[in-house]
Amino acid sequence: MFGIWGHPDATRMTYYGLHSLQHRGQEGVGIVTTDGERLQGIKGEGLLNEVFDEKKLDSLKGIGAIGHVRYGGKKGIENIQPLLFHSSSGSLALAQNGNLINANDLKHQLEMQGSIFQTNTDTEVLAHLIKRSGYLAQEDKVKNALSMVKGAYSFMMLTEKELIIAQDPNGLRPLSIGKVGDAYCVAAETCAYDLIGAEYIRDVEPGELIIIDRDGIHEERFSLSATHAMCTMEYVYFSRPDSDIGGINIHTARKNLGKQLALEVNVQGDVVTGVPDSSISAAIGFAETAGIPYELGLIKNRYVGRTFIKPTQELREQGVKMKLSPVRKVVEGKRVIMVDDSIVRGTTSKRIVRMLKQAGAKEVHVCISSPPMTNPCFYGIDVSTHEELIAANHSMEEIREIIEADSLTFLSVEGMLKAIGRSENMGKNCGQCMACFTGEYPTEIYPDTPLPYEK
Ligand code: 5GP
Ligand code: SF4
Ligand code: MG
């Protein structure tokens, strides 16, 4: 998500902001703008540059805008955000990153009371709650609606008159504020600021609600019972290496994860290689600490999207093949230490071990810079269902056999916390969510809590 208020070319700023955030979702994209009088939006399935061209950008006039790239989730153009609702009492556009864990329940209640839904996305539930709230002031409507939803959500709302943003009371997904000239901007990741020449100001706090309008920025709270439970996978895999979360640079965190892994592991190898792009930082750290040369054992074809995000297993497997190739001269006859950031279903590791062996590697030792994932994520990251998680259903030795590796090592939970390096003052687990590794969810989970991604 990216949003901006008070800029003469809010549309293009949002386009460039989203360009930096494209890694967070490739299935659809939308931008809604306001010129102060009305809201206008364009959205479509695919990548940013497939959906928008100069003509479309020119047609969206704005001093304020919000944009969103979609990751996984329900298919269909209607489910692409921002959702835009026109109304004589004031229009609004909404975008949300995360997953509302009580969305099914709320939707059921709203439908019983006569609401009709046009989409399958949980974001529409929020729209209904906001519109139905009896409060007069826009921010009170939003506060009231947010007090009813539970789960992970970084939230943005655009009206003709203001941009409102909020962060869930557990702060599960990253969200920060920046400034470019006189305009304020908000982004899911700080890497968006560099491209548009904005200055990072600060992260949005859990439970915080911020209104940006012609009078400037107003900082409020909608929840006082806030804790920090930032998604650990943002550090491990999801965010871009040039972003910072909680003041910690992602590349540095990953490199430290690799260093810690090298201290914990007990294998001999001739070369260390990463799996482009997500585990390169960890592999560099590993090699540095282990004193083994880092080599480019695998290269990536840039013209294929992220394999994991492809919705079916078949497409995912084909994606891995199209995406990565071994560098034969680097791995031939060598004991290769292959560092990857995570094993979810095991698809990637298995393919790569085979690929390296076919290219002549003598041994392949798989080292993973995060602990085994044994629990599903209900907060918007597709680490799959319990049934599909390989570590939830197999012993370490069985996984090693399945992926055909000579050895397999995962980073410890304690090692991971230490390596990322957030302060213990941030709260439990240094203010991180670790649920997919430990099963301890920072929010309640209901029997009908939906997994946000479609299989
Ligand atoms: P697997 O192939 O084991 O199912 O997934 C692990 C691979 O997918 C790793 O190479 C990792 O970089 C990537 N990955 C891990 N977690 C996620 C995630 O939550 N989302 C996406 N899109 N990719 C992931
Ligand atoms: Fe992130 Fe895992 Fe928590 Fe989901 S369960 S928010 S992937 S740490
Ligand atoms: Mg990867």
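Residues numbered from 1 in each chain as written. Chains lettered and ligands numbered in written order. Predicted model: local features only at pLDDT ≥ 70, side-chain atom pairs only at ≥ 80, totals over all residues.

The name that an unreviewed UniProt entry assigns to the protein chain is Amidophosphoribosyltransferase, with the source organism given as Siminovitchia thermophila. Comment text from UniProt for the protein chain, heading Sequence similarities (unreviewed entry), reads "In the C-terminal section; belongs to the purine/pyrimidine phosphoribosyltransferase family." Of the protein chain, the UniProt comment under Pathway (unreviewed entry) reads exactly: "Purine metabolism; IMP biosynthesis via de novo pathway; N(1)-(5-phospho-D-ribosyl)glycinamide from 5-phospho-alpha-D-ribose 1-diphosphate: step 1/2." (UniProt positions renumbered as here; feature names shortened; annotations may be inferred.)

This part covers the sheet that holds strand β3 (residues 39-45). Judged by pairing direction, the sheet is antiparallel, and its seven strands sit side by side in the order β3-β2-β4-β1-β10-β9-β11 without closing on themselves. The two strands at the open ends of the sheet, each matched to only one other strand, are β3 and β11 (199-203). Between one strand and the next, the sheet's axes are offset by a mean angle of 15 degrees, whatever the strand orientation. Direction of pairing for strand β2 (residues 28-34) relative to β3: antiparallel, over a ladder of seven bridges. Looking at the pairing, Val 29 lines up with Gly 44 of β3. Running over the sheet, helix α1 (residues 10-20) touches β1 (2-5), β2, β4 (64-70) and β10 (183-187) and is turned about 25 degrees from β4. (Pairing = 2+ DSSP bridges. Helix = DSSP H or I, 4+ residues; strand = E, 2+ residues; numbered from the N terminus. Axes fitted to C-alpha atoms, helices over the stretch in contact; angles between N-to-C directions. Contact = placed C-beta atoms within 7 Å.)

So, on to the sheet that holds strand β17 (residues 271-274). Spatially, β17-β20-β21-β22 is the arrangement adopted by the four strands of the open sheet, whose pairing is parallel. The strands lining the two open edges of the sheet, one partner per strand, are β17 and β22 (407-410). Sheet twist, expressed as the mean angle between neighbouring strand axes with direction ignored, is 20 degrees. Both β17 and strand β20 (residues 335-340) contribute to a ladder of four bridges, which runs parallel. The partner of Val 272 across the bridge, within β20, is Ile 337. Sheet contacts for helix α10 (residues 280-290): β17, β20 and β21 (363-368); angle to β17, the most-contacted strand, approximately 165 degrees.

A separate point is the site of ligand 2. Taken together, Leu 172, Cys 231, Thr 232, Met 233, Cys 377, Tyr 379, Ile 381, Val 383, Cys 433, Met 434, Ala 435 and Cys 436 make up the full set of residues adjacent to ligand 2. Taken together, the elements giving at least two residues each to the shell around ligand 2 come down to α8 (232-238) and α17 (435-438). Of the residues contributing to the shell around ligand 2, the split by class is eleven nonpolar, one polar and no charged. (Near = placed C-beta within 6 Å. Nonpolar A, V, L, I, M, F, W, Y, C, P; charged D, E, K, R; others polar.)

Take the pairing of β20 next. Most of β20 sits inside the fold, with five of its six residues counted as buried. Relative to β21, β20 runs parallel, the two sharing six bridges. The residue of β21 that forms the bridge with Asp 340 is Ile 368. (Buried ≥ 20, exposed ≤ 12 C-beta atoms within 10 Å, placed from the backbone.)

Within the UniProt annotation, "binding site: [4Fe-4S] cluster" (unreviewed entry) is assigned to Cys 231, Cys 377, Cys 433 and Cys 436. The named residues occupy 206 residues along the chain; their greatest pairwise C-alpha distance, 10.1 Å, places them in one compact cluster. Position of Cys 231 among the secondary structure elements: in strand β14 (residues 230-231). Exposure remark for Cys 231: the 28 C-beta atoms within 10 Å place this residue in the buried category. Cys 231 has contacts with Leu 172, Arg 173, Tyr 379, Ile 381 and Cys 433, leaving out every residue within four places of it along the chain. Secondary-structure assignment places Cys 436 in helix α17. Overall, the presence of 29 C-beta atoms within 10 Å leaves Cys 436 in the buried class. Ignoring sequence-local partners within four residues, the contact set of Cys 436 consists of Met 233, Met 373, Asn 375, Cys 377 and Val 383.

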